[in-house]
Amino acid sequence: MASRTATKLVHPDRAQLRFTTVLAALSDPVRLAIVARLAEAEPDGELACTTFALPVSKSTQSGHFKVLREAGVIRQRDEGTRRLNRLRREDLDARFPGLLDIAIPQGRDVTASW
C-alpha cells in the first residue's frame, strides 16, 4: 500500500481561488458541516480528519476533504499518521468577504439536523 504522504497535497494560492469553485465546494451539506466544525477550532486550531463525526464512510469523507482543499477552502498537512485541517479564513475573507459568515451558520444547521 502506498504511503498517504507520497501524494503531494495541492493548495491553490489566494489569487487562484475562484468563486464558482468555492461555492461548488460549499454546496454539499457534509462539506458545510466540515467548514462549520473547523470554524469552531479557529483561529489557530487544526483538526484531524478522524475527529469529525460525519454520517458518511471514511472514503467519502476523504473525498469531501479533497474537494474542500482543492477549492482552497481548507489547508491540510500531514503530521505522522494524521492529516490535519485548517479553515483558510484569511484567504477566503480577502477574496470573498462575508462568504464564510453565511456558510458557517448553514453548516451548524446541517450538523444540528443529524
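Our structure's up above, just so we're on the same page.
None of these values were measured; they are calculated from a predicted model. (Residues numbered from 1 in each chain as written. Predicted model: local features only at pLDDT ≥ 70, side-chain atom pairs only at ≥ 80, totals over all residues. Heavy atoms only, no water.)

### Re the overall build of the chain
Moving on, step 1. Tallying secondary structure elements over the chain gives 5 helices and 3 strands in all.
Moving on, step 2. Ordered by position from N to C terminus, the α and β elements of the chain give α-α-β-α-β-β-α-α.
Moving on, step 3. Its C-alpha atoms give the chain a radius of gyration of 13 Å, within 12% of the compact-globule value 13 Å for 114 residues.
Moving on, step 4. The principal-axis extents of the C-alpha atoms in the chain amount to approximately 40 × 35 × 25 Å.
Moving on, step 5. When burial is assessed residue by residue, the chain has 40% of its 114 residues classed as buried.
Moving on, step 6. Sequence separation of 24 or more characterises 69% of the internal contacts of the chain that already satisfy a separation of 6 or more.
Moving on, step 7. For the chain, the exposed area adds up to about 6,600 Å²; of that, 53% sits on carbon and sulfur atoms.
Moving on, step 8. Of note, the chain has its 18 positive side-chain charges centred 6 Å away from the centre of its 14 negative side-chain charges. (Helix = DSSP H or I, 4+ residues; strand = E, 2+ residues; numbered from the N terminus. Rg over C-alpha atoms; globule rule 2.2 N^0.38 Å. Buried < 20%, exposed > 50% of the residue type's maximum accessible area, 1.4 Å probe, protein only. Contact = heavy atoms within 4.5 Å. Areas by Shrake-Rupley, 256 points an atom, 1.4 Å probe, with all protein chains shown as cover. Lys, Arg positive; Asp, Glu negative; His and termini not counted. Charge placed at Lys NZ, Arg CZ, Asp CG, Glu CD.)

### Topic: the packing of helix H2 (residues 29–40) against helix H5 (residues 99–112)
Moving on, step 1. It is the contact of H2 with H5, at a shortest axis distance of 7 Å, that shows an interaxial angle of 110°. Here H5 runs roughly perpendicular to H2, going by the angle between their axes. Mapping the contact onto sequence places Pro29, Leu32, Ala33, Val35, Ala36, Ala39 and Glu40 in H2 and Leu100, Ala103, Ile104, Gln106, Gly107, Arg108, Val110 and Thr111 in H5. (Axes fitted to C-alpha atoms, helices over the stretch in contact; angles between N-to-C directions. Parallel < 35°, antiparallel > 145°, perpendicular 65-115°, else oblique.)

### Some details on the pairing of strand S3 (residues 82–87)
Moving on, step 1. Note that strand S1 (residues 47–48) and S3 share 2 bridges and pair antiparallel. Counted as the bridge partner of Leu47 is Asn85 from S3.
Moving on, step 2. Note: strand S2 (residues 74–79) against S3, 6 bridges, orientation antiparallel. Of the residues in S3, the one forming a bridge with Gln76 is Asn85.
Moving on, step 3. A loop of 2 residues connects S2 with S3, the two strands running antiparallel in sequence, and Gly80 in this loop sits at a positive phi of about 65°. (Pairing = 2+ DSSP bridges.)

### Overview of H5
Moving on, step 1. In a regular helix each residue adds 1.5 Å, so 14 residues correspond to 20 Å; H5 covers 21 Å between its end C-alpha atoms and thus fits that length.
Moving on, step 2. Here H5 has its buried residues at Leu99, Leu100, Ala103, Ile104, Gly107 and Val110. Buried residues of H5 fall within an arc of 120° about the axis and therefore sit on the same side. Residues Asp101, Ile102, Asp109 and Ala112 are exposed on H5 and point more than 90 degrees away from its buried face.
Moving on, step 3. As for H5, its buried residues are in contact with helix H1 (19–26), H2, S3 and helix H4 (89–95). (Expected span 1.5 Å × (residues − 1). Arc of directions from axis to C-beta.)

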